[in-house]
Amino acid sequence: MTNSRLLSIIRKEFVQIARDPRTLVLALIIPVVQLFLLGYAANNDVRNIPLAIYDQDRGPTARALIDAYRAADYFKLAYDVDSEAELRTLIENGDARAGLIIPADYSLQIKSGSSAQVAFILDGSDPTAASTALAAAQFIGQAHATAIMSERLQQKGQTAALTLPVDVRTQVWYNPDLASAYFMVPGLTGMILQTLTSILTASAVVRERERGTIEQLIVTPIRPWELLLGKLLPYTILALVNTFEVLVIGSLWFNVPVRGDLFQIALVSGLFLVTGLGIGLLASTIANTQQEAILTVWMTLLPSIFLSGFFFPLEAMPRFLQVISYAIPLRYYLVAIRSLMLKGVGIESLQPQIIPLIIFGLLIMSAAALRFKKRLD
Amino acid sequence: MDMIEAKHLSRAFGKAHRPWAKQSPDALRAVDDVSLRVAAGEIYGLVGPDGAGKTTFIRLLCNAIRADAGEATIAGYSAARQPELARAQIGYLSQRFSLYEELTVLENLRFFAEVRGLPAQEWKPRCHEILAFVGLDEFGSRRAKLLSGGMKQKLGLAAALVHRPRVLLLDEPTTGVDPLTRQDFWQLIIRLVSDAEHGVAVLVSTPYMDEASRCGRIGLLHHGHLLTEGTPTQLRATLQGRVLELAGTPLRALRRIAEQDVGVEDVQMFGDRLHLRVKPGAGDDVISRLRAPAAPLQVTRLRSVPPQLEDVFIALTAEVAAMPTTEGK
């Protein structure tokens, strides 16, 4: 008897979802749009920075330096200018993001064996792009200088190739190309789980109040927990479908590896889902209209985005923000899902993330369940 | 047997509801110490203007909101302590259409049949039976959103009746419904209560006096108080001989004169004539005083008429207004 009541609510909820185009779009299309937007737009990979060159030397030696910059795809030679003023204007306009000034005596200095100075100018108004460009510019310059040095030594009769005293070989694990998508896609599953489930759950509950249908529901023998579960289960299923959707597109389109166990990924996602559902339910007990509910959910969303390490590395934050970030459930999920997907570790090594997730889920869900009443006042 | 029993039900909104807050006069006592009983097979009309507390009272009966004091019993079950059992006996039609617009007529009925525990093999025949009863059997697969106002009310009634409740609570069921549908609707309700076997107890709230006169018994609710109770005939009898009808020209000047007469308590405009309520026993005196006014005023008709429920209600509320206020006692 009890089961049939619960099933009736769940079936009704699914029929409503299927017949409400707004919910359907929100639930099935928005995550894909978000994935593509963030997969492409939130891209920290810096390529093809427009470079303006003021080459006062015009000799083959200077040409070699320019070629070295051209060879790396960090920069593209966009402008060849004839004065410093012209270069300044290009950077001020934003037409060029970097400038290289080679002095007139560059070849002479190199030939004479002394140190030639070139100037490399970067537009720092976008620090993320600039820091990548800065590192690239320095690295290309150093490499070129080392090549010239080696040449000089050979000319002096040293046949042995130049060996550097220390050779640092860097290896990047898990994401050798440092592709942003590797970082964004797992994070996005977390964002979608939290945003979508909380918004959908909150609207589903508030909609009953807004349209007055709650009055009829109240006057049925449905028990509060049946109504609660009947509301939560459909959106749990929907959210898990979404997570799967994002993972499939992420791995097929963005080539993000899914190295961990799928079952464990679902398990950790399900755990985090409890928090999302709880936030939605809690919002629904505060809000009277769907708009209010969505606004309430949004207020929890902003700190989650900025203080969870979704966009910005936690390590770069001031100490007090780092402390606050411990109160953001998404933080733990992000670490866990990135480890599961990219590193392929098992959940047994993710206890520091899983335990807080359990605690947060329990706290938020019980607070919501306590506030959730099957009454009008 | 009494299917609905309310004992001293009270409910306030605003500050008075919060026990820790000081009682303040602005707290609204929506329902104040209301007691009433409705038997099986009876239609009880809860009559009162907007804001009298009708909706709050009905919500208290089904425990949709909690009572500050008093108790409601539905078919022997306490509304507050046995809400699931009590609600299983209640069919409730709220003032606002409160079914699912995305669902079809039949899906709505099925949902409410199932959550109220109608067995799986029974809901289908029962749904068709009840749809035929309210005259919607052709519209089973139509989305509720696409129904007209009157059809929505009938669907609401069907959903309220689908589990064969013994108590039917109707909150202004015909507000905003056309006269023809309203007539249909009342016929349905009368058929429900007249069924000897499953005689249902109906409590219906309405602001309309003509609807109230269809009820077996009426309670007049005003500012949360139950002013009086009785059959329509009993209530009308309380003003027997005290209502005069006056017609003549110009009506406005006649009204002014009537209002100044010592024997007249109240004057109401009723279309092209006036209804005067006179003090007990003062009818004949008033008639003789007002029959022949000075020219050019002219009275074409002045006589005692049977009082209507509206007259009774106006008289009673005027009495309450004249009494010393009980606020802040």
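The rules behind each value
- Residues numbered from 1 in each chain as written.
- Chains lettered and ligands numbered in written order.
- Predicted model: local features only at pLDDT ≥ 70, side-chain atom pairs only at ≥ 80, totals over all residues.
- Helix = DSSP H or I, 4+ residues; strand = E, 2+ residues; numbered from the N terminus.
- Rg over C-alpha atoms; globule rule 2.2 N^0.38 Å.
- Buried ≥ 20, exposed ≤ 12 C-beta atoms within 10 Å, placed from the backbone.
- Contact = placed C-beta atoms within 7 Å.
- Core = buried A, V, L, I, M, F, W, Y, C linked by C-beta atoms within 7 Å.
- Domains from an automatic or database assignment.
- Pairing = 2+ DSSP bridges.
- Axes fitted to C-alpha atoms, helices over the stretch in contact; angles between N-to-C directions.
- Parallel < 35°, antiparallel > 145°, perpendicular 65-115°, else oblique.
- Left-handed = near helix turned anticlockwise from the far one by under 90°.

1. A short note on the overall build of chain A
Inference 1: The helix and strand inventory of chain A stands at 14 helices and four strands.
Inference 2: The C-alpha atoms of chain A give 29 Å as radius of gyration, which overshoots the globular expectation for 377 residues (21 Å, by more than 25%).
Inference 3: Here chain A, with 377 residues, has 36% of them falling under the buried criterion.
Inference 4: For chain A, contacts bridging at least 24 residues in sequence account for 78% of all contacts bridging at least 6.

2. A short note on the nonpolar core
Inference 1: With 152 residues, the main nonpolar core has L61, A158, L169 and V202 of chain B as its most contacted residues.
Inference 2: Sequence-distant contacts of A158 of chain B, that is, excluding residues within four places in its chain, are made with L109, I130, L131, V134 and L136 of chain B.
Inference 3: By size, the runner-up hydrophobic cluster in this structure holds 20 residues, among which are L51, Y69, L90 and A133 of chain A.

3. Description of the domain arrangement of chain B
Inference 1: The domain boundaries assigned to chain B delineate domain 1 (2-236) and domain 2 (241-305).
Inference 2: Placing the centre of domain 1 of chain B and that of domain 2 of chain B at their C-alpha centroids yields a distance of 40 Å.

4. Structural notes on the interface of chain B and chain A
Think of interface size as the accessible area that goes away when the parts come together; that is how it is often given.
Inference 1: Across the contact, 24 residues belong to chain B and 23 residues belong to chain A.
Inference 2: Residue assignment for the side of chain B that touches chain A shows that the elements contributing at least two residues are α2 (83-88), β6 (90-93) and α3 (105-115) of chain B.
Inference 3: Per element, the largest residue contribution to the side of chain B that touches chain A is five residues, and it comes from α3 of chain B.

5. Digging into the domain arrangement of chain A
Inference 1: If you check the domain split of chain A, you get domain 1 (2-42 + 180-371) and domain 2 (49-155).
Inference 2: Here the C-alpha centroids of domain 1 of chain A and domain 2 of chain A sit 49 Å apart.

6. A word on the sheet that holds strand β4 (residues 69-74) of chain B
Residues and elements named next belong to chain B.
Inference 1: Within the open sheet, the four strands sit side by side as β2-β1-β4-β5. Their pairing is antiparallel. Taken across any chain shown, the strands that pair with only one partner, and hence form the sheet edges, are β2 (28-39) and β5 (77-78).
Inference 2: The sheet contacts of helix α1 (residues 54-61) involve β1 (2-13), β2 and β4, and relative to β1 the element is tilted by about 120°.

7. Observations concerning the packing of helix α10 (residues 262-286) of chain A against helix α14 (residues 351-371) of chain A
All names here are of chain A.
Inference 1: Between α10 and α14, whose axes approach to 8 Å, the crossing angle comes to 25°. With respect to α14, the element α10 is oriented roughly parallel. The element α10 and its partner α14 pack so that their crossing is left-handed. Across the interface between the two elements, V268, L271, F272, V274, T275, L277, G278, I279, L281, L282 and T285 from α10 touch I354, L357, I358, F360, G361, I364, M365, A367, A368 and R371 from α14.

8. Regarding the sheet that holds strand β9 (residues 217-222) of chain B
All names here are of chain B.
Inference 1: Judged by pairing direction, the sheet is mixed, and its six strands sit side by side in the order β6-β7-β8-β3-β9-β10 without closing on themselves. Each end of this open sheet is capped by a strand with a single partner; those strands are β6 and β10 (225-230). Each neighbouring strand pair of the sheet contributes to a mean axis angle of 15°, computed without reference to strand direction.
Inference 2: For strand β3 (residues 43-47) and strand β8 (residues 201-206), the ladder comprises five bridges, and the chain directions are parallel. Residue pairing for β8: I43 is matched across the bridge by V202.
Inference 3: Where helix α11 (residues 309-322) meets the sheet, its contacts fall on β3, β9 and β10, and the angle it forms with β9 comes to roughly 40°.

9. Concerning the pairing of strand β3 (residues 98-102) of chain A
Residues and elements named next belong to chain A.
Inference 1: Extensive coverage of β3 is indicated by the burial of four of its five residues.
Inference 2: Strand direction decides the pairing type here: strand β1 (residues 49-55) and β3, joined by five bridges, are parallel. If you follow D55 over to β3, its bridge partner there is I102.
Inference 3: Here four bridges tie β3 to strand β4 (residues 119-122), and the two strands are oriented antiparallel to one another. Among the inter-strand pairings, G99 is bridged to a residue of β4, identified as I121.

10. Quick notes on the pairing of strand β12 (residues 264-270) of chain B
Residue and element names in this part refer to chain B.
Inference 1: As defined by bridge partners, β12 adjoins strand β13 (residues 273-278) across six bridges and the pair is classed as antiparallel. Note that in β13 the partner of V264 across the bridge is V278.
Inference 2: Here β12 folds back onto β13, and the loop between the two strands holds two residues, one of which, G271, carries a positive phi near 65°.

11. Here's the deal with the packing of helix α4 (residues 120-134) of chain B against helix α5 (residues 149-161) of chain B
All names here are of chain B.
Inference 1: Their axes nearest at 9 Å, the elements α4 and α5 cross at an angle of 140°. Our classification of the angle between α4 and α5 gives oblique. Note that α4 runs across α5; the crossing there is right-handed. Only K154, L157, A158 and L161 of α5 make contact with α4, whose side of the interface consists of I130, L131 and V134.

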